Amino acid sequence: MIPIFQRKSVLIPLSLGILLILTALNLAMGSVNIPIAGVVDIVTGKGSSNVIWENILLRTRLPQTIVALGAGMALGVAGLLMQTLFRNPLAGPSVLGISSGSSLGVGFVLLVAGQVWGFSFSRLGIWGDLAIITASLGGAFAVLALILFISHKIGGTLSVLIIGVMIGYLSNSVVGVLKFYSMEEDVHNYVIWGLGSFSRMSVDRAYLFAMITIVPSLLALFLSKSLNLMALGDRYASNLGLKIKRARLLIILCAGTLTAIVTAFCGPIIFIGMAVPHLAKLVSRTSNHLYLICNACILGAATALLCNLLARLPGMESELPINSVTAFIGAPVVISVIWKKRKENF
Amino acid sequence: MNKNLLHIRNLSIGYGSKIVAGNLSAIIPSGELICLLGSNGTGKSTLMRSICGFQPVLGGLILIDNQEVHQLNEKELSKQIAVVLTDRVVVPNANVQELVGYGRSPYTGMLGRLNAADKIIVARAMEQCGIAHKKDSLLTSLSDGERQKAFIAKALAQDTPLIILDEPTAFLDLPARVEIMQLLRDIANTSGKSILMSTHDLDLALQLSDRLWLLQNGGPLITGSPEDLLLKNAFQKMFQHKGVVFDNKTGLFKVMHTQHSQVAVKGHGFEYVLLRRALSRKGVRLVKANPDDSNRLEVNKDAPKPFSLYVDDQCIQSEDSVEVFVNRVLAAKSLLEVQSESRVLSE
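Cut-off values and rules
- Residues numbered from 1 in each chain as written.
- Chains lettered and ligands numbered in written order.
- Predicted model: local features only at pLDDT ≥ 70, side-chain atom pairs only at ≥ 80, totals over all residues.
- Heavy atoms only, no water.
- Buried < 20%, exposed > 50% of the residue type's maximum accessible area, 1.4 Å probe, protein only.
- Helix = DSSP H or I, 4+ residues; strand = E, 2+ residues; numbered from the N terminus.
- Contact = heavy atoms within 4.5 Å.
- Buried area = accessible area lost by both parts, 1.4 Å probe.
- Salt bridge = Lys/Arg side-chain N within 4 Å of Asp/Glu carboxyl O.
- Polar contact = N/O pair within 3.5 Å; in protein donor to acceptor, adjacent residues only side chain to side chain.
- Nonpolar A, V, L, I, M, F, W, Y, C, P; charged D, E, K, R; others polar.
- Disulfide = S-S within 2.5 Å.
- Axes fitted to C-alpha atoms, helices over the stretch in contact; angles between N-to-C directions.
- Left-handed = near helix turned anticlockwise from the far one by under 90°.
- pLDDT = per-residue confidence, 0-100.
- Pairing = 2+ DSSP bridges.
- 1 Å grid on protein atoms, 1.4 Å probe; cavity = no way out; pocket = protein on both sides within 12 Å on 5 of 7 lines; lining within 4 Å.
- Points joined across faces, edges and corners; volume = space filled by probe spheres on them.
- Expected span 1.5 Å × (residues − 1).

Chemist: For this particular structure, what's the right way to read helix 1 (residues 44-52) of chain B?
Modeler: Since the α-helix advances by 3.6 residues per turn, residues separated by three or four positions end up pointing in the same direction. Residues and elements named next belong to chain B. With respect to burial, helix 1 is a largely interior element, eight of its nine residues being buried. Turning to helix 1, its buried residues number three or more, namely Lys44, Thr46, Leu47, Met48, Arg49, Ser50, Ile51 and Cys52. Following helix 1 by one or two positions, glycine 53 adopts a phi angle in the positive range, close to 85°.

Chemist: How should I be thinking about the environment of Arg235(A) in this particular structure?
Modeler: Within the secondary structure layout, Arg235(A) lies in helix 10 (residues 234-239). For Arg235(A), a relative accessible area of 33% corresponds to the partly exposed category. With residues up to four places along the chain from it excluded, the contact list for Arg235(A) reads Arg49(B), Phe54(B), Leu85(B) and Asp87(B).

Chemist: Would you take a moment to explain unusual backbone geometry for this structure?
Modeler: In terms of backbone geometry, most residues other than glycine have negative phi values and most peptide bonds are trans. Residue and element names in this part refer to chain B. Its identity as a non-glycine residue notwithstanding, asparagine 93 has a phi of 75°, on the positive side. Here asparagine 93 shows up in the loop between strand 6 (81-84) and helix 3 (96-102). Backbone geometry at glutamate 167 places phi at a positive 45°, although glycine is not the residue there. Within the element layout of this structure, glutamate 167 appears in the loop between strand 7 (162-166) and helix 6 (174-191). Note on glutamate 167: relative accessible area 18%, which makes it buried.

Chemist: Any chance you could explain the interface of chain A and chain B here in plain terms?
Modeler: Size of an interface, as often reported, equals the accessible area lost when the parts are brought together. Counting from both sides, the interface comprises 27 residues of chain A and, opposite them, 35 residues of chain B. Carbon and sulfur atoms supply 56% of the area that chain A and chain B bury against each other, a total of about 2800 Å² over both sides. Counting across the interface, chain A meets chain B through zero salt bridges. On inspection of chain A and its partner chain B, the count reaches 14 residue pairs in polar contact (both at pLDDT 80 or more). Class assignment for the residues of the side of chain A that touches chain B results in eleven nonpolar, ten polar and six charged.

Chemist: Would you explain the state of the cysteines in this entry?
Modeler: Simply put, disulfide is the name for a covalent bond between the sulfur atoms of two cysteines. Residues and elements named next belong to chain A. Under the defined criterion, the tally for this structure stands at zero disulfides over all chains. Lacking any disulfide linkage, cysteine 266 is separated from the closest cysteine sulfur, that of cysteine 307, by 13 Å. Of all cysteine sulfurs, the one in cysteine 294 lies closest to cysteine 297, which takes part in no disulfide; the gap is 6.6 Å. Given a relative accessible area of 4%, cysteine 297 falls into the buried group.

Chemist: What am I meant to see in the packing of helix 3 (residues 51-85) of chain A against helix 11 (residues 244-266) of chain A here?
Modeler: When two helices pack together, their arrangement is captured by the angle between the axes and the distance separating the axes. Residue and element names in this part refer to chain A. Contact geometry of helix 3 with helix 11 gives a least axis separation of 9 Å together with a crossing angle of 150°. Between helix 3 and helix 11 the crossing geometry is left-handed. Facing Val67, Ala71, Ala74, Leu75, Val77, Ala78, Leu81, Met82 and Leu85 of helix 3, the residues of helix 11 in contact are Arg248, Ile251, Ile252, Cys254, Ala255, Leu258, Thr259, Val262 and Cys266. Here the contact of helix 3 with helix 11 is composed, by residue class, of 16 nonpolar, one polar and one charged.

Chemist: What is the right way to look at the confidence of the model for chain A in this model?
Modeler: Low-pLDDT stretches of the model should not have their predicted coordinates read in fine detail. The predicted model of chain A averages 86 in pLDDT, with 91% of residues at 70 or higher. Taken element by element, chain A is modelled with least confidence in helix 14 (residues 322-345) of chain A, mean pLDDT 81, and with most confidence in helix 9 (residues 224-230) of chain A, mean pLDDT 96.

Chemist: I keep staring at the sheet that holds strand 5 (residues 67-68) of chain B and nothing clicks. Help me out?
Modeler: Sheet strands line up and pair through hydrogen bonds in the backbone, either parallel or antiparallel. All names here are of chain B. With respect to topology, four strands assemble into an open sheet ordered 2-1-4-5, the strand pairing being antiparallel. Two strands close off the open sheet at either side, each with one partner strand: strand 2 (18-29) and strand 5. The pairing of strand 1 (residues 4-15) with strand 2 spans eight bridges and is antiparallel. Among the inter-strand pairings, histidine 7 is bridged to a residue of strand 2, identified as isoleucine 27.

Chemist: Looking at this structure, I do not really get empty space enclosed by the protein. What am I missing?
Modeler: Vacant regions in the atomic arrangement are exposed by a probe of water-molecule size rolled over the atoms. With the rule as written, the count across this model stands at two cavities of 30 Å³ or more. Of the volumes computed, that of the largest cavity is approximately 150 Å³. Per-element accounting of the lining of the largest cavity gives the leading share, four residues, to helix 5 (residues 144-157) of chain B. If you add up the space inside the second largest cavity, you get close to 40 Å³. For the lining of the second largest cavity, the element with the most residues is helix 14 of chain A, which contributes four residues. Per-class residue counts for the lining of the second largest cavity are six nonpolar, three polar and no charged.

Chemist: Even after reading the chapter, I still don't get the pairing of strand 17 (residues 314-319) of chain B, so can you show me in this structure?
Modeler: Residues in a regular strand point their side chains to alternate faces of the sheet. All names here are of chain B. Where strand 16 (residues 307-311) meets strand 17, five bridges bridge the pair, whose relative direction is antiparallel. Within the sheet, the bridge partner assigned to serine 308 lies in strand 17 and is serine 318. Linking strand 16 back to strand 17 in an antiparallel pair, the connection comprises two residues, with aspartate 312 at a positive phi of about 55°.

Chemist: Even after reading the chapter, I still don't get helix 11 of chain A, so can you show me in this structure?
Modeler: Residue and element names in this part refer to chain A. In this model, helix 11 (23 residues) spans 33 Å end to end at C-alpha, consistent with the 33 Å of a helix rising 1.5 Å per residue. Burial analysis of helix 11 places 17 of its 23 residues in the buried class, the great majority of the element. Glycine 267 occupies a position one or two residues after helix 11 and carries a positive phi of about 85°.

Set out below in structure tokens:
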């Protein structure tokens, strides 16, 4: 009945395999290619005779890979949650205005600090990094709190969506004003932050990041029943016994937290959160979020790793900004899905 | 068996401070199919939504199983009332089996997984609604009628004593309407569930429902079995519109055409009825021909060309097509028209 390439029993192991291969490639490939055997030796702690390899792997590629894995997972899940909650195929983690809140927070630190105290945060090294992360989290959670408050007071899924988008515009315009009055160097730093990167962290911090992204991503599995019902519309969901307000609050809280964390550590990563849910629905022909969330985890991580790999293709000396690559991967996915859906519905 | 499942007492419905309809009282006995009828804008949907607990009532009581609907929480209510809405929801990727499975949500655990008993109930619901053969089809690939059956199966799987459907036949063609109504009739008969549906299909409602609720503009609600309501001439009062007449005998509406002229005719039978219909649409009424009507129409059902036009007692044209003949009659209308007011309408 169901074609072999659409069966869960085939597709989930298949995507897991692809994820594994992409992880290995991310570790092995780059401006210096390291054989897989060497990679395995170094990562498992056996050590290697080649100190350069060890340095490259442990200082650069391993944290980058772990961060890409965690960020991709978190964004994929957050995007799926938003698309289901708002019943809109173009929704993504950014629709709530949370990443805009982050940008605003970071904008204040990077752009205003230079003006007021006469120095650039980027010269502060590790403390500068921490300041940016703190500012980003501050901005994101401020917006999240506002959205949750509005969702609780007003209700109505559509109004939450509209207010989220409006908050995004407002933050962008404030950032625009800040940029206009800032020093060139600060603006440059801000732009670089906005292009996103998986390589801002040491190995230790990468592990911490993985913890705080992967755990809430998997916790989203407990929202799967609510999400299944929300997909039917508010009235059907409530008739089937769902407490709509509470479910909506939890879904926004989960997606918002994931987005806030990823944006704080990697900058605003675009398109992964919008494209991955479509891939997840393509892989399993199901509306059950128990499976869709698993798919979004696996495919989100795989997509982020693929983008990371493409950003530093062998033979290239420097890296491309990650957001340029994600757009090139993500946009065709979204376009093809919308195209296909158009044919299906009419 | 025939206890009353739902009571509505002195209910006022509406939005905010605006009352759409008030002074509503009715009952739903167990195992009955009930149709809610009323013109657009009388508050049918508002009444349905109020009973489902989707919106607060402005006064009065709705009791299901002796508990007030608006006192029950979502979980408790989900085991009393299942709904089928008019909203066209698009659920990405959902197939029929999954949709019907979501009907079990009030009974499943945190992750919403179905156990063996749930799966049997889901299969039985799909079977009863005649949609089992499509269980793996995507909802988006179904016809409107099949979609409706899938949503009815979902409501069945919810296993509630009352199912409420908001215009379930609205987007369907005639055969599908009849099929859905018969399906609901069958569910009420075999499962003992009560079904309340709103509809505009008065003829089907009269034939298939146990009880009708007629919602007047602003209230009250007139309720009773179709036959009792016919006996009380309830429909004529309900649908007082220009140009429409309710025929008590057939339970159908007849369109009253405005007649501008009268033409004499001789004859009877099926062909005659057809000619009368066609001419009535054009504003021409047929009256019985007097012997002295030299200009007249004649219908002779045994002739090869049954429709004849007589001028001065001479047959000037015969036709076998009603359309052609009607056009001919209209062209010669000034010649044929009879003025007298005392003419007998021919039956």
